[in-house]
Amino acid sequence: MATVVAFHAHPDDEVVLTGGTLARAAAEGHRVVIVVATDGRVHDTDGDRLHELRCSAGILGAHRVECLGYADSGYGPRFLPDPPGRIRFGRADVEVAAGRLAAILRAESADLLLSYQANGGYGHRDHIQVHHVGARAADLAGTPRVLEATMPRELLCRIGRFARLVGLPAPYDRQIMATAYAPRATITHRINVARYAGRKRDAFAAHRSQIGATGARLLGVLRRLPAPVAGLLLGREWFVDPTLAPGPVRRTLCD
């Protein structure tokens, strides 16, 4: 059995791109550890998202949850100043942050680190920092494998077109989607998580503070769908191994 450490920027990120994969890994007997860089608070008045993270992790079957203690950098053109007594992750010293993550990787004898690609998926400064910190931490700890969570850019664009067609907000604007995540041809791993779609849905629902009116309606629809249909919608997750050239797509995480 392997130990999988998933490194994410904020509470709820663990579900969006890797929730099904983590649930499957835990169900198959692997040890699953979730590490978030930030507590998800942009402002000191924001609520406790780490409690939601722990609830989500329990649904997914994770064995350990840790937070590196940084503040959320926020998304958008304005980079907010650091809050009193805390550093926003986007400004974190990479060596210091990587040292904190590397200590967890060593303690866990991690076989695999899940991280992000250099573009941070859609350009969020904290997600880009996850890439840099994760890569450096794996090097410091000697973690043998790193997979970078992603999704096919072509699929994202189709979702955006469909959302606009039915009057829902698209995930990102067209300019961002043009360079977001990864072209399908570069993806090295496609994981079937259809059996764990229900857990992924429920783990996301645990992040109540992040679910607006649109998200609540979507969750309501998903909960009413037959399991096979929900599996089709939430049943695949994708990764890139930066050490591999494009070729046959692998279908298991811990191979």
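Check the entry above for the structure.
About the criteria used
- Residues numbered from 1 in each chain as written.
- Predicted model: local features only at pLDDT ≥ 70, side-chain atom pairs only at ≥ 80, totals over all residues.
- Heavy atoms only, no water.
- Helix = DSSP H or I, 4+ residues; strand = E, 2+ residues; numbered from the N terminus.
- Buried < 20%, exposed > 50% of the residue type's maximum accessible area, 1.4 Å probe, protein only.
- Contact = heavy atoms within 4.5 Å.
- Areas by Shrake-Rupley, 256 points an atom, 1.4 Å probe, with all protein chains shown as cover.
- Pairing = 2+ DSSP bridges.
- Axes fitted to C-alpha atoms, helices over the stretch in contact; angles between N-to-C directions.
- Parallel < 35°, antiparallel > 145°, perpendicular 65-115°, else oblique.
- Left-handed = near helix turned anticlockwise from the far one by under 90°.
- Expected span 1.5 Å × (residues − 1).
- Arc of directions from axis to C-beta.
- Polar contact = N/O pair within 3.5 Å; in protein donor to acceptor, adjacent residues only side chain to side chain.
- Salt bridge = Lys/Arg side-chain N within 4 Å of Asp/Glu carboxyl O.

Q: I'd like a rundown of the overall build of the protein, residues and numbers included.
A: The number of helices and strands found in the protein is 11 helices and 7 strands. Among the 255 residues that make up the protein, the fraction classed as buried is 48%. Partitioning the intrachain contacts of the protein with sequence separation of at least 6 by distance along the chain shows that 80% fall at a separation of at least 24. Total accessible area computed for the protein in this model is approximately 11,900 Å², and 57% of it derives from carbon and sulfur atoms.

Q: I'd like to hear about the pairing of strand β4 (residues 112-116), residue by residue, with values.
A: Of all 5 residues making up β4, 5 are buried, and the element is well covered by its neighbours. Because side chains alternate across β4, one face comprises the buried residues Leu 112, Leu 114 and Tyr 116, and the other comprises Leu 113 and Ser 115, equally buried. One ladder, built from 3 bridges, connects strand β1 (residues 3-8) with β4; its direction is parallel. Looking at β4, one finds that Val 5 is bridged to Leu 113. Note: β4 against strand β5 (residues 145-150), 5 bridges, orientation parallel. By the bridge assignment, Leu 114 is partnered in β5 with Leu 147.

Q: Can you tell me about the packing of helix α4 (residues 94-108) against helix α6 (residues 125-141), naming the residues and giving the values?
A: Running from N to C, α4 and α6 cross one another at 55 degrees; their axes reach a closest spacing of 8 Å. Relative to α6, the element α4 lies oblique. The handedness of the crossing between α4 and α6 is right-handed. Each of Val 94, Glu 95, Ala 97, Ala 98, Gly 99, Leu 101, Ala 102, Leu 105 and Arg 106 in α4 lies in contact with α6, whose residues at this interface are Gln 129, His 132, Val 133, Gly 134, Arg 136, Ala 137, Ala 138, Leu 140 and Ala 141.

Q: Got a sec to walk through helix α3 (residues 49-60)? Specific residues and values, please.
A: Between the first and last C-alpha of α3 there are 17 Å, a value that for 12 residues agrees with the 16 Å anticipated at 1.5 Å per step. What α3 keeps buried is the set Arg 49, Leu 50, Glu 52, Leu 53, Ser 56, Ala 57 and Leu 60. Down the axis of α3, the buried side of the element spans an arc of 150 degrees, and every buried residue falls inside it. Where α3 is buried, its residues contact α1 (13-16), α2 (19-27), β2 (31-38), β3 (64-70) and α9 (197-205). The N-terminus of α3 is capped by Asp 48, whose side-chain oxygen sits 3.0 Å from the backbone nitrogen of Leu 50. Within two residues after α3, Gly 61 carries a phi angle of roughly 95 degrees, on the positive side.

Q: Please provide a residue-by-residue account of the pattern of salt bridges, values included.
A: All chains considered together, the criterion is met by 12 salt bridges. In this structure, the salt-bridge partner of Arg 24 is Glu 28, at a minimum N-O distance of 2.9 Å. Judged by relative accessible area, which is 17%, Arg 24 ranks as buried. Asp 39 is the salt-bridge partner of Arg 86, the closest N and O atoms lying 2.6 Å from each other. Residue Arg 86 is located in the loop between β3 and α4, and its partner Asp 39 is located in the loop between β2 and α3; the two are separated by 47 residues in the primary sequence. No difference in accessibility class separates Arg 86 from Asp 39, as the two residues are buried. Shared partners join several salt bridges into a network, and the residues in it are Arg 31, Arg 64, Glu 66 and Glu 108.

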